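# Residue-level structure breakdown
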Amino acid sequence: MSSSDNQRPIRPTRRRFLMTSGAALLAGSTGPRAESQPPEQAAPDGNLGKTAHVVVPESRVEVMAQTDVLVCGGGAAGIAAAWAAARNGAKTLLIERWPFLGGMATAALVNIWHLSDREKIVIRGFAEEAVQRAQRRGWIDHRWPLDRHETCQFDPEGMKLVFHDMLDATGVQTICHLAAGEPILASGRIQGVLVDTKRGRRAILARIVVDATGDGDLAAKAGLAFDYGREADGLVQGMTMMYRVCGIDESKVQSAPDRERIFAEMRDAAKRGELPPFQPAFGIGHVRNRSIPNMCPVAGNPLGEEELTRLTIQGRRQVFAYWDWLRQRLPGLEKMAIEQTGMGLGIRESRRVRGRKMLTRELVLGAAKQPDAVGHGFWMIDIHDPKGSGYTTWNDRGTHNMLPAGASYHIPLGMCLNAQIPNLAVAGRCASSTHEAHSSVRVQSHCMAMGQGVGTAAAMALASGADMHQVDLKALQARLKADGAYLEDIPQG
Ligand SMILES: Cc1cc2nc3c(=O)[nH]c(=O)nc-3n(C[C@H](O)[C@H](O)[C@H](O)COP(=O)(O)OP(=O)(O)OC[C@H]3O[C@@H](n4cnc5c(N)ncnc54)[C@H](O)[C@@H]3O)c2cc1C
C-alpha cells in the first residue's frame, strides 16, 4: 500500500494543530501549537494559557511489562483490536484508565449498536460475538428490524462483563486503573509507554502500540499531526450527558391525552430559555425497564480538564432540570428517578490523527470501496450541533446525508496508520477523517470493525516481521473473514 494513497497534503490551517515528532518526550515540551484558537472552545490540548514550566530530571523507570501488542484504551475500538490481536497469536496487553471496559458504551451509557445497512447485517466478527454473548445473558432487550440501522440496545452494566469475558477468552491481559502516559520513542519507532501507578512511574514495552484512547492522546504526544474541529470554525461536535431513568409508568405516559402538547410546551420553554436546550427527538426506549435518553447537549472542548469538569456538572444540572419540569406535567412520572448519569460526558469528537489515508464525506456517501478495506460502514453524516443547541443532522435524516439502503463504504486500514511511526496505529474515533466523515465512522460498530482490522494487522505484521502498512492485504482480509468479519466488494489489482 503506497503511503500516498488518497493522502491529503499536510496543510496547516488555523484549525490544524501540528507537533514536532518526538518533542513531547523532551522536558519542557509545550504540546500542540494552535496557530489561532477556535472562537468558543479552548485550544485542543486544553491549554489554559499557563506558560510556566518545570524541568523533569532524567530517571530510571522500572519495566512492569513487555508485550507484542499494547492497546491503550478499552473502548469499542480498543477491545476489538486487543481481541483480534490475541486471537491471531500476538501476546496482547490492554490498559484502560477506568475500572471497567467499554469506553463511551459503558462509561457514558451510549447503548445502541448499528449493525445493518438497512438490508443486511454488515458489521460482524467481534461485534457479532459481543451481541450473541449479551443476548445469551439477557442484556439486549430490543432488536430492531434490519431496515433500521439501530439493530440493538444493550444494558451497559452487562456489556462491561461481556467485554471482559471476550478478552479473557482470547487470552488478552487486561489492566484497568492504568492510563497510558508519555510514549517512549527511539529511532523513529515507539518502544512502549510510561504509566503512573500507585507505586510510582513504570514502563510498558511493546513491539506495536495501538492508540485507542478515543482522543488520540498517545499519537498526539508522539508528535503525529492531527485535525480538530470542522472546517468553518474549528468546533467539534457537541457532547451529551447520557443518563438512566427508572420508575416510569410507560403505559400511563403513552396514554396521557396531553402528551404531545406537553412536549411542545417543553420545546417552547427551552426556546424561551426557561429550560436548557435539549435534543427534541429523544426517545424513551427501554432496556430492562430502564430508559437511557439521548437528550442533554453540552458544547465545548473535550480536551481541557477544567472546562470538561464545568461542562460535566452543567450536563448533570440540565438532566435534573428537564425531569423536574416534566414530572410536574406528565402523568406516569410520579415514581420516576434519575438512577444514574454517565460517569462523564459522552464525547463524540476530538483529535482525528492524520493517517496514510483520510476518510472524507465523498468516500462515505459515495459508498467508496478501497483495496485496504478492513470493514464496512454505513452510518449517515450525523453531526450534533457543536454549539450545543441539541440539533443533530440525524433529526431530519436528510437523504443528502445518508447512504441508500443496502449501500456501505469501506473502512480502510490506511486511516489508522501514519507515515511517521510505523509501529504506532490508532483505532476508533481518533482515526483519520474529515469532521463530516468522522460523524459516520465514529459509531461503535464501525469502531469495532476498524479495531478488529487493526488488531489483526498488528498480529500479522509481527508474525511476518513486517510493519503494519506492509502487511499482505489479501491475507489480512482473508484472516478477517475467517474471524467472522463481513468484507465484500474489495477492488482487485
Ligand atoms: C452521547 C453519544 C451518543 C452516541 N450515540 C451513538 C449511538 O447511538 N451508536 C453508536 O454506535 N455510537 C454512538 N456514539 C459514538 C460512539 O459511542 C463513540 O464514537 C465510540 O464509543 C468511540 O469508540 P472508541 O473506542 O474510539 O472511543 P471511546 O469509547 O471513547 O473509548 C476510549 C477508551 O480509552 C480510554 N482511555 C482514554 N485515555 C486513556 C489513556 N491515556 N490510557 C488508557 N485508557 C485511556 C477511555 O477511558 C475509554 O475507555 C455516541 C457517542 C456519544 C458521545
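Everything that follows concerns the structure shown earlier in this document.
The notes below deal with the structure included here. Sequence order as written defines the numbering, with residues in each chain counted from 1. Local features in this predicted model are restricted to residues of pLDDT 70 or higher, and side-chain atom pairs are both shown and tallied only at a pLDDT of 80 or more, whereas totals for entire chains, interfaces and linings draw on every residue.

## Focus on helix H3 (residues 126–136)
In an α-helix, one full turn covers 3.6 residues, which means residues spaced three or four apart are oriented alike. Phe126, Ala127, Ala130, Val131 and Ala134 are the residues of H3 that are buried. Summarising the axial view, the buried residues of H3 lie within an arc of 135 degrees, below the 170-degree limit, and thus occupy one face. For H3, the exposed residues lying more than 90 degrees away from the buried face are Gln132 and Arg136. Strands are runs of DSSP state E lasting at least 2 residues, helices are runs of H or I lasting at least 4, and numbering of each runs from the N terminus. The first or second residue beyond H3 is Gly138, which carries a positive phi of 80 degrees. Exposure classes come from backbone-placed C-beta atoms, where a residue is buried if 20 or more other C-beta atoms lie within 10 Å of its own, exposed if 12 or fewer do, and partly exposed in between. Our arc is simply the arc of the directions from the helix axis toward the C-beta atoms.

## Some thoughts on the site of the ligand
To decide whether a residue is near a molecule or strand, its C-beta atom is placed from the backbone and checked for lying within 6 Å of it. Looking at the ligand, there are 38 residues lining it, with Gly73, Gly75, Gly103, Gly346 and Gly428 nearest. Residue assignment for the shell around the ligand shows that the elements contributing at least two residues are helix H1 (76–87), helix H2 (104–107), strand S4 (112–114) and helix H12 (444–464). Residues are grouped as follows: nonpolar covers Ala, Val, Leu, Ile, Met, Phe, Trp, Tyr, Cys and Pro; charged covers Asp, Glu, Lys and Arg; every other residue, Gly included, is treated as polar. Here the residues of the shell around the ligand are counted per class, giving 18 nonpolar, 14 polar and 6 charged. Boundaries between domains were set according to an automatic or database domain assignment. Inspection of the shell around the ligand shows a minimum of three residues originating in each of domain 1 (62–232 + 349–482) and domain 2 (239–341).

## Section: the nonpolar core
What makes a nonpolar core is a set of buried Ala, Val, Leu, Ile, Met, Phe, Trp, Tyr and Cys residues, with links drawn between C-beta atoms within 7 Å. Counting residues in each nonpolar core, the largest one holds 131 residues, and the members touching the most others are Ala81, Val210, Ala427 and Ala458. The element contributing the most residues to this core is H12, with 11 residues. Counting the residues that make up this core, at least three belong to each of domain 1 (62–232 + 349–482) and domain 2 (239–341). Beyond its immediate chain neighbours, meaning those up to four positions away, Ala427 contacts Ala77, Gly78, Ala81, Val210, Ala212, Cys416, Met450, Gly451 and Val454. Whether two residues are in contact depends on their C-beta atoms, placed from the backbone: they are in contact if these lie within 7 Å.

## Looking at helix H8 (residues 305–327)
Expected span, for any helix, means 1.5 Å times one less than how many residues it has. A rise of 1.5 Å per residue sets the reference length of H8, with its 23 residues, at 33 Å; its end C-alpha atoms lie 33 Å apart and thus fit the reference within 8%. Looking only at H8, the buried set comprises Leu311, Gly315, Gln318, Val319 and Tyr322. The inward-facing, buried residues of H8 contact strand S12 (239–240), strand S13 (243–246), strand S16 (297–298) and strand S17 (337–341).

## Here's the deal with the packing of H3 against helix H4 (residues 156–170)
Between two packed helices, the angle of one axis relative to the other and the distance separating the axes together describe the packing. Geometry is summarised by axes, namely lines fitted to C-alpha atoms with helices restricted to the contacting stretch, and by angles between N-to-C directions that run from 0 to 180 degrees. Put simply, H3 and H4 touch, their axes get as near as 10 Å, and they point 125 degrees apart. Taken together, the axes of H3 and H4 are oblique relative to one another. Crossing handedness for the pair H3 and H4: right-handed. For the pair H3 and H4, the contacting residues are Glu129, Ala130, Arg133 and Ala134 in the first and Gly158, Met159, Val162, Asp165 and Met166 in the second. Taken together, the residues of the contact of H3 with H4 sort by class into 5 nonpolar, 1 polar and 3 charged. Just so you know how the angles are binned, under 35 degrees is roughly parallel, over 145 roughly antiparallel, 65 to 115 roughly perpendicular, and the rest oblique. By definition, turning the near helix anticlockwise from the far helix through less than a right angle yields a left-handed crossing, and turning it clockwise yields a right-handed one.

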